[in-house]
Amino acid sequence: MDELIRTANADYSQYEEVLLKRDRLRKEAFQWEQEYIRTFGEKILRIFKLKISCIRKKKTIAFCQLAINQGRPVNRKELEHYLDTEMAQYQKELAGMLEDYEATKKTVELTELELLEIRKIYRRLAKKLHPDINKNTETNAELRELWERICIAYRCNQLDALQELEVLASVAMQAGVELDLNIPDIAEKIAAVEKEIERIQSTDPYQYKFLLTDKEAVSKKKEALDEEYASYEAYDKQLEGVLQQMMEGGLSFVWQMN
């Protein structure tokens, strides 16, 4: 019956196709982002670590300068609390970057046949469970969880997981969960998805593909990152010199006792 509905309304078929294309492009964007991190992640990380060092030293200098201007010693406990608070977001961002970089190292290379099988399984599942097609996926907790797991497995090229999820989805559908193909304003929805497809293709991380497939561009990007690191390295040494001058100029510290 559901296939008859699709056949009777050509818009359903078009809607399915644009949704599948959008999801494929989202996946490709994710994969290009992973490749970008694998290619440049180490250099980007060391730049960010040095950037954090510079920011910490700048904030230390500002804190100490305020104490000098007020004619009082620097309270070390207050300084450490201030720096921990001010640098917390940077440290959190660094931890996230490190996690992403480590995750890219665990990527498993698949054969063309395996990738094709992943696309086929996802296509079959999407036609039944995609929340933009089947309203019941949003309202049924079991289907919603299944779909979320399917999306993760598809994005990360986890063939074994997708094969297992297809079995689970089949069981759920046999248990009485039906397709709800009543999609209002389908023409408008198709136009919206097509617009989203254009946005994905014209922005990062999808656009990384044009950089990463150009060996000369990759080489220039690495050179630029090395130059950026060198500039931060020089700035870090400059800030270290300012702190040293403050110490030599008579800056004093005290500990606040509890």
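The structure we're discussing is the one just above.
The structure contained in this document is the topic of the report that follows. Note that the coordinates shown come from a computational prediction; the quantities given were computed from them, not determined experimentally. (Residues numbered from 1 in each chain as written. Predicted model: local features only at pLDDT ≥ 70, side-chain atom pairs only at ≥ 80, totals over all residues. Heavy atoms only, no water.)

### What about the nonpolar core?
We apply this condition: To qualify as a nonpolar core, a set must consist of buried Ala, Val, Leu, Ile, Met, Phe, Trp, Tyr and Cys residues joined through side-chain atoms within 4.5 Å. Burial classes follow relative accessibility: with a 1.4 Å probe on protein chains only, a residue under 20% of its type's maximum area counts as buried, one over 50% as exposed, and anything between as partly exposed. Put simply, DSSP marks the helices as runs of H or I at least four residues long and the strands as runs of E at least two long, and each gets a number from the N terminus on.
Tyr122, Leu125, Leu129, Leu146, Trp147, Ile150 and Leu162 are the most contacted members of the largest nonpolar core, which totals 18 residues. Within the residue set of this core, elements represented by two or more residues are α4 (112-129), α6 (141-155) and α7 (159-174). Ranked by size, the runner-up nonpolar core spans 14 residues in total, among them Tyr12, Ile133, Ile186 and Ile190.

### Focus on the pattern of salt bridges
Selection rule: Put simply, a salt bridge is a Lys or Arg side-chain nitrogen that is within 4 Å of an Asp or Glu carboxyl oxygen.
Enumeration according to the criterion identifies 18 salt bridges in this entry. A salt bridge links Glu16 to Lys127; its shortest N-O distance comes to 3.9 Å. Note that Glu16 is positioned in helix α2 (residues 10-69) and Lys127 in helix α4, a separation of 111 residues in sequence. The class for Glu16 is buried, based on a relative accessible area of 6%. A salt bridge links Glu196 to Arg199; the shortest N-O distance between them is 4.0 Å. Here Glu196 pairs with Arg199, and both are found in helix α8 (residues 186-202), just three residues apart, close to one helical turn. With a relative accessible area of 45%, Arg199 lands in the partly exposed category. Salt bridges sharing partners connect three or more residues here, namely Arg22, Asp23, Arg26, Asp132, Glu196 and Arg199.

### Quick notes on a negative patch on the surface
For the record, the criterion: Two distance rules govern patches: like charges are joined within 9 Å, and nonpolar side chains (Val, Leu, Ile, Met, Phe, Trp, Tyr) within 5 Å, applied only to residues with over 30% relative accessible area and no salt bridge. What sets the accessible areas is the Shrake-Rupley method with a 1.4 Å probe; for residues, cover comes only from the shown protein chains. When charges are tallied, Lys and Arg are placed among the positive residues and Asp and Glu among the negative ones, while His and the ends of the chain are skipped. For the purpose of locating charges, the reference atoms are NZ of Lys, CZ of Arg, CG of Asp and CD of Glu.
Taken together, Glu138, Glu142, Glu145 and Glu148 make up a surface patch of like negative charges. When residues of the negative patch are assigned to their parent elements, the largest contribution, three residues, is made by α6. Position of Glu145 relative to the elements: it lies in helix α6. Looking at Glu145, the relative accessible area reads 46%, which means it is partly exposed.

### Quick look at the packing of α4 against α6
To characterise two packed helices, one gives the angle between the axes of the helices and the distance between these axes. Test applied: Here an axis means a line fitted to C-alpha atoms, over the contact stretch when the element is a helix, while the angle between two N-to-C directions is reported on a 0 to 180 degree scale. Geometric relationships in this document are graded by angle, where less than 35 degrees denotes roughly parallel, more than 145 denotes roughly antiparallel, 65 to 115 denotes roughly perpendicular, and other angles denote oblique. Left-handed describes a crossing in which the near helix is turned anticlockwise from the far one by less than a right angle; the clockwise case is right-handed. What makes two residues a contact is simply this: any of their non-hydrogen atoms within 4.5 Å. Ten residues, namely Ala, Val, Leu, Ile, Met, Phe, Trp, Tyr, Cys and Pro, are considered nonpolar, four, namely Asp, Glu, Lys and Arg, are considered charged, and the remaining ones, Gly among them, are considered polar.
Running from N to C, α4 and α6 point in directions that differ by 155 degrees, and their axes come no closer than 11 Å. When the axis of α4 is compared with that of α6, the two are roughly antiparallel. Of the two possible hands of crossing, α4 and α6 adopt the one that is left-handed. Contact with α4, carried on its side by Ile118, Tyr122, Leu125, Ala126 and Leu129, involves Leu143, Trp147, Ile150 and Tyr154 of α6 and no other residues of that element. In the contact of α4 with α6, the residues fall into nine nonpolar, no polar and no charged.

### Things to note about the packing of aromatic side chains
As a reminder, the rule being used: By convention, a stacked pair of Phe, Tyr or Trp rings (six-membered ring in the case of Trp) has centres within 6.5 Å and planes under 30 degrees apart, an edge-to-face pair has planes over 60 apart, and any other such pair is tilted. Whether a charge lies above a ring is judged from NZ of Lys or CZ of Arg, which has to be within 6 Å of the ring centre and within 35 degrees of the ring normal.
Overall, the coordinates contain five aromatic pairs when judged by the stated rule. On the numbers, 5.7 Å between centres and 35 degrees between planes, the contact of Tyr122 with Trp147 is tilted. Here the residue Tyr122 occupies a position in helix α4, and Trp147 occupies one in helix α6, the gap between them amounting to 25 residues. Exposure remark for Trp147: the relative accessible area of 7% places this residue in the buried category. Aromatic side chains Tyr122 and Tyr154 sit 3.8 Å apart centroid to centroid with 10 degrees between the ring planes, which places their arrangement in the stacked category. Of this pair, Tyr122 sits in helix α4 while Tyr154 is found in helix α6, placing the two residues 32 residues apart along the sequence. Per residue, the accessibility class of Tyr122 equals that of Tyr154, and both read buried. Put simply, the rings of Tyr36, Phe40 and Tyr208 pair up and form one aromatic cluster. Taking NZ or CZ as reference, Lys27 lies 4.3 Å from the ring centre of Tyr154, over its face. Here Arg155 stacks its cationic end above the ring of Phe30, 4.6 Å away from the centre of that ring.

### Topic: the packing of α4 against α7
Their axes nearest at 10 Å, the elements α4 and α7 cross at an angle of 25 degrees. The angle between α4 and α7 places the two elements in the roughly parallel class. Two packed elements cross with a definite hand, and for α4 against α7 that hand is left-handed. In contact with Glu114, Glu117, Ile118, Ile121, Arg124, Leu125, Lys128 and Leu129 of α4, α7 contributes Leu159, Leu162, Gln163, Glu166, Ala169 and Met173. Looking at the contact of α4 with α7 residue by residue, the class counts come to eight nonpolar, one polar and five charged.

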